[in-house]
Amino acid sequence: MKALHLKLWREIWRMKGQVFAISMVVMSGVATFILFISTMHSLDYTRSKFYRDYNFADVFVNLKRAPDSLKDKIQNIPGVRQLETRVSAQAKIDIQGFSENVTGKIVSIPDDGHPLLNRLYIRQGRLPDPFKDNEVVINETFAQAHGFKLGDQLAAVINGKWKRLTITGIALSPEFVLVMKIGAMTPDFKRFGILWMSRKAISKAYDMDGAFNDVVLSLYAGVKEGDVIRELDNMLGPYGGFGAYGRKNQMSHRLLSEEMKQLRTSSRIYPVIFICVAAFLLNVVMSRIINTQREQIAILKAFGYNDFAVGVHYAQMVIMIIAAGVVAGIAAGIWLGKMMGNMYMEFYRFPVFIYTLHPEVLIAAVSVSVLSALAGTMHSLWKAARQPPAEAMRPEAPAKYRVTLIEKTGIGPWLTQPARIIARNMERKPIRTFLSIVGIAVSCATMVSSGFFKDSVDFMVKAQYVFSQKEDMTISFIEPTSYRALYELKQTPGIHDAEAFRSVPVKLKFGHRSYKTVINGIEPEGRLHLVLDTNFQSIPLPESGILLTDYLGKILGVQVGDVLTVETLEGAKAIRQVPVVAMAKQYLGAMGYMNLNALNRLMQEGNAISGAYLVTDSPYREKLFRSFVEMPRVADVFIRQNEINNIYEVMAKSMLYFTFIAMLMACSIAFGVVYNSARISLSERSRELSSLRVLGYTRGEIAYILLGELAIITLAAIPLGFFIGYWLCAYVANALASDLFRVPLIIELKTYTIAAAVVIFSAVFSGWIVRRKLDHLDLVEVLKTKE
Amino acid sequence: MKENFFQVRDLTKVYRMGEVEVHALRGVNMELYAGELVVLLGPSGSGKSTLLNIMGGLDTATAGIVAYRGKELTQATEKELTEYRRFHVGFVFQFYNLISSLTARENVAVVTEIAANPMSPEKALDLVGLTDRLNHFPAQLSGGEQQRVAIARAISKNPTVLLCDEPTGALDSKTGILVLQALERINRELGTATAIITHNVDIAGMADRVIHLSNGKIAEVSKNKVKKSASELQW
Ligand SMILES: Nc1ncnc2c1ncn2[C@@H]1O[C@H](COP(=O)(O)OP(=O)(O)O)[C@@H](O)[C@H]1O
Ligand SMILES: [Mg+2]
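What you see is a predicted model, and the numbers here were worked out from it, not measured in a lab. (Residues numbered from 1 in each chain as written. Chains lettered and ligands numbered in written order. Predicted model: local features only at pLDDT ≥ 70, side-chain atom pairs only at ≥ 80, totals over all residues. Heavy atoms only, no water.)

> Sorry if this is basic, but what is going on with the nonpolar core here?
A general tendency of soluble globular proteins is for nonpolar side chains to be buried together. Within the largest apolar cluster, 167 residues are counted, with the highest numbers of intra-cluster contacts made by Tyr314(A), Leu692(A), Phe6(B) and Leu51(B). Apart from residues lying up to four places away in sequence, Leu692(A) is in contact with Ile421(A), Tyr697(A), Ile702(A), Ile705(A), Ile99(B) and Val110(B). Counting 38 residues, the second largest nonpolar core, distinct from the first, contains Val92(B), Ala104(B), Leu141(B) and Ala204(B). (Core = buried A, V, L, I, M, F, W, Y, C linked by side-chain atoms within 4.5 Å. Buried < 20%, exposed > 50% of the residue type's maximum accessible area, 1.4 Å probe, protein only. Contact = heavy atoms within 4.5 Å.)

Here it is in structure tokens:
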């Protein structure tokens, strides 16, 4: 057995280049598997631990105002374990030296110190003193985005009153692991923050003494969330309840879950691709090795090794070939996973990111790679084990060739002999040729799928901010305001154009399905804010009826022509029947659109507006913005360009990370496949190539024969790669679609170009290595021996 | 006086294998004249292949000179050697080294496509008597036929010299004779200077001159008074 082991090591050492190339692919497979799964587990574990340790609530509800006395009644709802009433509010934030729109969500902390639910993790400093009304704790991302330190000050416009606040602490909360404004595409850490103030202070500022407008509660295990929510809605209805919701509709929780879903999708795609490619490469390599070792196998058997021992010997070889890749893949996976964890921590804030790698994941990674490697080589192993010694001693029958189909098309006579050699070799091993093409195509597809990420974001930004929004500033009022406000705005110097909008929170029902969202009422004939279809064509808003985001249509199961029940969650709480008149394909959110007048008719509150879209003159913009910040009835100001810039700022880093990983993966596959094919061809054909050299062919000419085949395979793989890439993107887009966003299936020419370039580069690189080997062919040595 | 194609002077070849030095050639001197047929005879390991390979530009010498028509191969660059093989010299080896993916005709075309002054593949195959095997792949040909394709391939460029290393080594005597007949015909009809390596004394009968190699040295050069035709040979 010792001698056989020595043989193994020597052989592996001899084909170290190929072992390396295969290891790269195996490594990529194991690494991506570990990366995605372990990050998912880590995120899951970190999240549940944070939730548990800091008592994350189960049910959430906002309302207009209810007296404190209602608290006991809520507590008596069966199933409610803990309950916290709070005061929460939106505020404009004024930060010195940062003259852009910033809004904050203010949340109260009970005066006795610590909240029961959604407890704060204080990263720095302390909670506000309940006896001071000017102290505030802010969330960490907001603090970091502005470089706030303890003791720094900021101002908040609370209920129309400008108030200076001092930062006493920086905190995290399970409620705001990811801080993101509803309706935004990405988080905006600079322009949106969470502010925690003492209940006393905020109640005073908001005239909420003895009252609350926000309830969070936890449930006993096993309690049906839906029942409690129904009870709660009934109870809070008279107090302007906006409808309770569970964790799965809680913004931060929801986004984290989406992220995990994304990881799960990735963990299903990429590792599978790599493991299959690796199995294919191993198959090619092992069948070649076993072919060249026919005599050795025969001799082993003649010495008395049995079939099983021979099979085991080659199985060991397979395992040794992938062992390094598996080990390196585990290391790389952990490294990348931690790196990804750190990247997540920039968005998702936990006290600490706890990297968790379950032993099962390791076991799965190892066994999947080993088993698929063995499965990939099973056929060759079987052949090796079963060969009768005598047959193995005989030289292999000469390869049989045929005139190829390509030649039969009539171009045959024009082919040079080297071209003919290429064509016939490819056709003689059609499966291998095809699988090589698929392997390289997959690498190309991986690149396409990574570029797709950026393309789709670009497209979403274009669709959402460029083509459908002609306004450069949007203001929203604290509460519905008279249409007159629009005329005032239009008179304001610096404002070119203004259009009103009305947005109403609603619950849409159809049959037994319902969905909470907003209806956006826009001006008929409006020129600024358009509802677009997928071709960027504006969809005219009908006189009456509602237009739905197509995805919302799917959620509700409605068709154009169906009649929806609209239950408004604001004002008079009317319940109305509204026909669906159109669907618009949109990428962000799931909402309804109506003609402003129709919406107002539905609300029965006259000509009210929630805000306005503005086109402003740039020299005035800053001044206008300041005046809006100071205007008590203005709740929020959006500046389009800031939004767009932020999206790219936020995405830049993660985009870079994923492109980097995809690039590594794509290169390793392309290199693995091309290099291996080249080495195998070289080993199979070194004799032929040497003969040609003897006949006077130059190094370049024989390289053409060997590498020409690879060039053809690579070039054939690229279009197929585009196709698979497109398909992969479609799968990903489909898997990720949710009511938050739908990824448009947009792949730019540039992405295809880069993908092709990366593949060609890897191919050329491996070709170059093989070419150098080719230059050192020992002509005499080869001719001496018979094959 | 015929032109002297090859001038070999004090040719030495030492293979170094770690500590061990193998002296394959120890100062060989010889000539090869236009149109003649020379047999290099010697026991296995005597250095025949080494000598031929150096003459053919496939291997380098340790010391000494090999000049082809006055040009020193021992000083030539890789590029010049390739050109030399491409245009001037034809090889036939014990193992035919045909390209298995190409038919007989195409195997010859491999050479005619790059040569400066080739004959047609059909003519070359006709010279070796394989007119009816043009479209056969190597796997469909017998050993002797494959070797004759190899000869056709070697001579199709109209080389000035044909170097054959044990061309009958892998063949039985009957087939071997067919192959030798082909070589003889080419030497006669085209006037190609031909060197045939063999350890088979019987083959020496068909040569103009026989060079005996032994232990890396030329032991003896003999002229055949009566040159036998290949068909008269037997072993
Ligand atoms: N590549 C090589 N490395 C080491 N020794 C070699 C090599 N090629 C040939 N030899 C040695 O050189 C000597 C001459 O070999 P060769 O020319 O092949 O003899 P022949 O063709 O007459 O049988 C032999 O002893 C052989 O072992
Ligand atoms: Mg020899």
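> Help me understand helix H5 (residues 199-206) of chain A, please; the structure alone is not making it clear to me.
Side chains that are three or four residues apart share a direction in an α-helix, a result of its 3.6 residues per turn. Residues and elements named next belong to chain A. For H5, the buried fraction is high: six of the eight residues fall into the buried class. Where H5 is concerned, the buried positions are Arg199, Ala201, Ile202, Ser203, Ala205 and Tyr206. Asp207 occupies a position one or two residues after H5 and carries a positive phi of about 55°. (Helix = DSSP H or I, 4+ residues; strand = E, 2+ residues; numbered from the N terminus.)

> I tried to follow unusual backbone geometry on my own but got confused; where do I start?
Glycine aside, residues mostly have negative phi, and peptide bonds are mostly found in the trans state. For Glu166(B), which is not glycine, the phi torsion reads 50° and is therefore positive. Of note, Glu166(B) is situated in the loop between strand E7 (161-165) and helix H6 (173-190).

> Any chance you could explain the pairing of strand E12 (residues 473-482) of chain A here in plain terms?
For a regular strand, the rule is simple: side chains alternate between the two faces of the sheet. Residues and elements named next belong to chain A. Where E12 meets strand E19 (residues 608-616), six bridges bridge the pair, whose relative direction is antiparallel. In the sheet register, Ser476 faces E19, and the bridge partner there is Gly611. Looking at chain direction, E12 and strand E20 (residues 634-639) are connected through five bridges and run antiparallel. Bridge pairing links Met473 to Ile639 in E20. (Pairing = 2+ DSSP bridges.)

> What exactly am I supposed to notice about the pattern of salt bridges here?
Should their charged atoms come close, side chains of opposite charge can pair. Residue and element names in this part refer to chain A. For the structure on display, the rule yields 45 salt bridges over all chains. Between Arg626 and Asp94 there is a salt bridge, with the nearest N and O atoms lying 3.0 Å from each other. Of this pair, Arg626 sits in helix H18 (residues 618-630) while Asp94 is found in strand E3 (residues 88-95), placing the two residues 532 residues apart along the sequence. Across the pair Glu140 and Arg349 runs a salt bridge whose closest N-O atoms are separated by 2.8 Å. You can see Glu140 sitting in helix H4 (residues 140-146) and its partner Arg349 sitting in the loop between helix H9 (307-347) and helix H10 (359-386), a full 209 residues away along the chain. By relative accessible area, which is 11% here, Arg349 ends up buried. (Salt bridge = Lys/Arg side-chain N within 4 Å of Asp/Glu carboxyl O.)

> How do you make sense of the site of ligand 1 when you look at a structure like this?
In the region of ligand 1, 13 residues are neighbours, and Lys784(A), Gly45(B), Lys48(B), Ser49(B) and Thr50(B) sit closest. Within the backbone of Gly45(B), a nitrogen or oxygen atom sits 2.7 Å from an oxygen atom of ligand 1. With respect to ligand 1, the backbone of Ser46(B) contributes an N or O atom lying 3.2 Å from an oxygen atom. In isolation ligand 1 exposes 560 Å². Once the protein is present, 72% of that is buried. Elements supplying a minimum of two residues to the shell around ligand 1: strand E1 (4-17), strand E2 (20-33) and helix H1 (48-55) of chain B. The biggest single contributor to the shell around ligand 1 is H1(B), with three residues. For the shell around ligand 1, the residue count by class is five nonpolar, six polar and two charged. (Near = heavy atom within 4 Å. Polar contact = N/O pair within 3.5 Å; in protein donor to acceptor, adjacent residues only side chain to side chain. Areas by Shrake-Rupley, 256 points an atom, 1.4 Å probe, with all protein chains shown as cover. Nonpolar A, V, L, I, M, F, W, Y, C, P; charged D, E, K, R; others polar.)

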